[in-house]
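In case you want the letters, here they are:
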Amino acid sequence: MKIISVVGARPNFMKIAPIHRAIKKYNSRFSIVHSPLTHLICHTGQHYDEKMSKVFFEDLELPKPDFYLGVGSGSHAEQTAKVMIEFEKVLLQEKPDYVLVVGDVNSTIACSLTAKKLHIKVIHVEAGLRSFDMDMPEEVNRVLTDRISDLLFVTEQSGIDNLKHEGVDDDKINFVGNVMIDSVKYYLPKTESTKILEEYKLEKKNYVLVTLHRPSNVDDETQLKKLFKLLNRIAEERKVIFPIHPRTRKNLEKFNLLGTINSNIILTEPIGYIDFLTLTKNAELILTDSGGIQEESTYLGVQCITLRTSTERPVTVDVGTNQLLGNDLELAEKTALDVLDGKIKLGKIPELWDGNAAARIVKRIKG
Ligand code: UD1
């Protein structure tokens, strides 16, 4: 059996790493009695900067991709179309049994659509998540990918409910846990030997970690200004570290905001996986609009405020430490200051987030 897994953007790499490892383990254990799984990795090149891509391959011990499509940035249509054209060539040459995609980025829908049109089965890992906000490009990607997938692997109960509600057959849906958490669990010991806290003179549980890159937050000048007003206020209380996504940096420059930032806010380049995990684990509070960081903070029991109006990962709010505070930045400020004052939200680890999701996925694929 041959599987081609797709990675494209930063949040994909840590989801494919445990799947790759689980396949290797399966082959070393069972290939005498079963035929081995051939696993190839295709990197679309949606993210291409060293700090958005290469460093993750090193940190996550991923092999060099078997295929690199080099599509780069562009409008949604350009990026999606370029991936499809290049990926089709790979599929025609390799004729895999399955294409495995993760998450919700443009590469996810581009590759699943290409595979489906060639009658190649599609596996979607992290299926069923819904923000119910079709203005988010990721929501469009999620809904469409799930609609054409043959095997859907789900991280939380809401994913099962959403898929059933949309009429997906029960036998395609598999609740397996969270491959992103497989990575957190696996790489956590490595955080003990990093020097990132010393490098930025940060004390454990005495700083705030920020990430913001959603178009709805950073492409709009007024919204970005409001967010920095909030961050400047928080920086009066604690050191803030903010690794900046290329999209956000470009907009800070475009709107001339770099000069208005409190000196207690450390702006850095994007940070590699192990260093970022170290920052997450040791933060007193995280402010974010990322999807994955909501999950990682819940698993690690770290306080998280999500600066979005919706989340496709409701378990992090219902069970975990996440608080969804939307565009109400006054409430976000009050809540953040409360957390720094000790009024924390207690959370638990969601069901099946135990580090074994990838092994469950491989078992189900081999059937
Ligand atoms: C993409 C995903 C988003 C994910 C995010 C994580 C989609 C629709 N969005 O958003 O879900 O949360 O990745 O980072 O797929 N750029 C660089 N270097 C790079 C990559 C991008 O400078 O290596 C710049 C380019 O100017 C580009 C912009 O960032 O135009 C946005 O990149 P793009 O891949 O279109 O979307 P992201 O905002 O990164």
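A short tour of the structure in this document, coming up. (Residues numbered from 1 in each chain as written. Predicted model: local features only at pLDDT ≥ 70, side-chain atom pairs only at ≥ 80, totals over all residues. Heavy atoms only, no water.)

As for helix H3 (residues 76–94)
Our working definition: Secondary structure elements are defined from DSSP: runs of H or I of at least 4 residues count as helices, runs of E of at least 2 residues count as strands, and each element is numbered from the N terminus. Working rule for helices: expected span equals 1.5 Å times residues minus one. Contact between two residues is taken to exist if any of their heavy atoms lie within 4.5 Å; hydrogens are not considered.
With 19 residues, H3 extends 27 Å between its outermost C-alpha atoms, agreeing within 8% with the 27 Å of an ideal straight helix rising 1.5 Å per residue. Each element contacted by the buried residues of H3 is listed here: strand S1 (2–7), strand S2 (38–43), strand S3 (67–68), strand S4 (98–102) and helix H4 (106–117).

What about the pattern of salt bridges?
Quick note on the threshold: Any carboxyl oxygen of Asp or Glu that lies within 4 Å of a side-chain nitrogen of Lys or Arg is treated as forming a salt bridge with it. The rule is simple: take the accessible area with a 1.4 Å probe, protein chains only, and divide by the maximum for that residue type; under 20% is buried, over 50% is exposed, in between is partly exposed.
Tallied over the entire structure, the rule returns 28 salt bridges. Among the salt bridges present, the one from Arg360 reaches Asp354, with a minimum N-O distance of 2.5 Å. We classify Asp354 as partly exposed; its relative accessible area is 24%. One network of salt bridges, in which partners are shared, links Lys15, Asp104, Glu126, Glu139, Arg142, Glu295, Arg308, Glu312 and Arg313.

What about the site of the ligand?
What counts, and what does not: Here a residue is near a molecule or strand as soon as one of its heavy atoms is found within 4 Å of it. For the purposes of these results, a polar contact is taken to be a pair of N or O atoms within 3.5 Å, where, inside protein, one atom must be able to donate a hydrogen and its partner to accept one; residues adjacent in sequence count only when each atom of the pair is a side-chain atom. For accessible areas, the Shrake-Rupley method is used with a probe of radius 1.4 Å. Any residue's cover is judged against the shown protein chains and nothing else. In this classification, the charged set is Asp, Glu, Lys and Arg, the nonpolar set is Ala, Val, Leu, Ile, Met, Phe, Trp, Tyr, Cys and Pro, and all remaining amino acids, among them Gly, are polar. Domain limits in this description derive from either an automatic procedure or a database domain assignment.
Near the ligand there are 22 residues, and of these His47, Asn106, Glu138, Arg247 and Lys250 occur at the shortest range. The contact in question runs from an oxygen atom of the ligand to an N or O atom on the side chain of His47, over 2.7 Å. Residue His245 places a side-chain N or O atom 2.9 Å away from an oxygen atom belonging to the ligand. For the ligand, whose unbound accessible area comes to 740 Å², protein coverage reaches 89%. Considered class by class, the residues forming the shell around the ligand number seven nonpolar, eight polar and seven charged. Taken domain by domain, the makeup of the shell around the ligand includes at least three residues from each of domain 1 (2–177 + 353–366) and domain 2 (189–340).

All we've got here are geometric facts, nothing functional implied.
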